[in-house]
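In case you want the letters, here they are:
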Amino acid sequence: DTDGELCRGAGIKENFPNLVMVPTPIATVDIIVFTKNLEFPVEGWECLRPYRIGLQRGFRLGEVNTKGMTTYPVEIEQAFYMLDAGRVDVVVAPRLTGLNVLNNLNLTGIKILTPRLQQDVLYHFLHKKHQHLVPKLAKILEEMKKSGEIDRIRKKAEEGIKRP
């Protein structure tokens, strides 16, 4: 259906076999636990079992790792509104996604628990009909990584996001 996917974990190939991974990692993403009134050490996904968990609908990593737990897959903004209202105990989301939503919704009193739940390496993917471009794209991304350009782009994207 698409010509490619940006910033996805390597596991995406399991469900989308027509995608070819560009082997140069472009970023990492921290999966973290947001909460309002709880305090507990984050010790793997299983530590979330006693809680009502808000997840972004379609956040496959979260859905897989919380299978059998009490989850509420909704739009990410709704998950944070639910957390603010006490309808869920925690929200699990990528750090930057969560911080951006909190910033946009002007929600306060929500904090990040530590340590992070998981860290994933992200890659670009192309549809197999474009696999001839993979070596060229990998080379360009490797050059961007070595020159620091990827880090500069990420830093610019993160500017202005408030931290709880």
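What comes next is a walk through the structure. For clarity, every value in this text was computed on a predicted model and none was experimentally measured. (Residues numbered from 1 in each chain as written. Predicted model: local features only at pLDDT ≥ 70, side-chain atom pairs only at ≥ 80, totals over all residues. Heavy atoms only, no water.)

1. Observations regarding the nonpolar core
Link 1 in the chain: Residues Val33, Phe40, Leu48, Val92 and Leu117 are the most contacted members of the largest nonpolar core, which totals 27 residues.
Link 2 in the chain: Secondary structure elements with two or more residues in this core: strand 3 (27-35), strand 4 (53-56), strand 6 (90-94), strand 7 (111-127) and helix 4 (134-147).
Link 3 in the chain: Other than its neighbours up to four places away in sequence, Val33 contacts Phe40, Val42, Leu48, Val90, Val91, Val92, Lys111, Ile112, Leu113 and Leu117.
Link 4 in the chain: If you look at the next biggest cluster of nonpolar residues, it comprises 18 residues, including Val74, Ala79, Ala93 and Leu105. (Core = buried A, V, L, I, M, F, W, Y, C linked by side-chain atoms within 4.5 Å. Buried < 20%, exposed > 50% of the residue type's maximum accessible area, 1.4 Å probe, protein only. Helix = DSSP H or I, 4+ residues; strand = E, 2+ residues; numbered from the N terminus. Contact = heavy atoms within 4.5 Å.)

2. Observations concerning the environment of Phe80
Link 1 in the chain: Residue placement: Phe80 occurs in helix 2 (residues 76-85).
Link 2 in the chain: When its relative accessible area of 0% is taken as the criterion, Phe80 is described as buried.
Link 3 in the chain: Along the sequence, Phe80 and Val92 sit 12 residues apart, while their C-alpha atoms lie 9.8 Å from each other.
Link 4 in the chain: In this structure, Phe80 is in contact with Phe34, Val91, Gly98, Val101, Leu102, Leu105, Leu107 and Ile110, ignoring residues within four places of it in sequence.

3. Observations regarding the packing of aromatic side chains
Link 1 in the chain: The tally for this structure, following the rule as stated, stands at 2 aromatic pairs.
Link 2 in the chain: Ring geometry for Phe34 and Phe80: centres 5.1 Å apart, planes at 80°, overall edge-to-face. Within this pair, whereas Phe34 is found in strand 3, its partner Phe80 is found in helix 2, the two being separated by 46 residues in sequence. Phe80 shares its class with Phe34; the two are buried.
Link 3 in the chain: The interplanar angle of 15° and the centroid separation of 4.7 Å between the aromatic rings of Phe40 and Tyr51 together place this pair among those described as stacked. Note that Phe40 is positioned in the loop between strand 3 and strand 4 and Tyr51 in the loop between strand 3 and strand 4, a separation of 11 residues in sequence.
Link 4 in the chain: Given a relative accessible area of 19%, Tyr51 falls into the buried group. (Phe/Tyr/Trp six-rings, centres within 6.5 Å; stacked < 30°, edge-to-face > 60°.)

4. What about unusual backbone geometry?
Link 1 in the chain: Cis geometry marks the peptide bond from Thr114 to Pro115, where omega comes out at -5°.
Link 2 in the chain: Within the secondary structure, Pro115 is located in strand 7.
Link 3 in the chain: Of note, the phi angle at Asn106 is positive, near 55°, even though the residue is not glycine.
Link 4 in the chain: Inspection of the secondary structure assignment puts Asn106 in the loop between helix 3 (95-105) and strand 7.

5. Observations regarding the pattern of salt bridges
Link 1 in the chain: A complete count under the given rule lists 10 salt bridges for this structure.
Link 2 in the chain: Asp30 is paired through a salt bridge with Arg95; the nearest N and O atoms lie 3.8 Å apart. Highlighted residues: Asp30 in strand 3 and Arg95 in helix 3, separated in sequence by 65 residues.
Link 3 in the chain: Exposure remark for Asp30: the relative accessible area of 16% places this residue in the buried category.
Link 4 in the chain: Judged by relative accessible area, which is 29%, Arg95 ranks as partly exposed.
Link 5 in the chain: Here Asp30 and Arg116 are joined by a salt bridge, their closest N and O atoms 3.6 Å apart. Here the residue Asp30 occupies a position in strand 3, and Arg116 occupies one in strand 7, the gap between them amounting to 86 residues.
Link 6 in the chain: With a relative accessible area of 42%, Arg116 lands in the partly exposed category. (Salt bridge = Lys/Arg side-chain N within 4 Å of Asp/Glu carboxyl O.)

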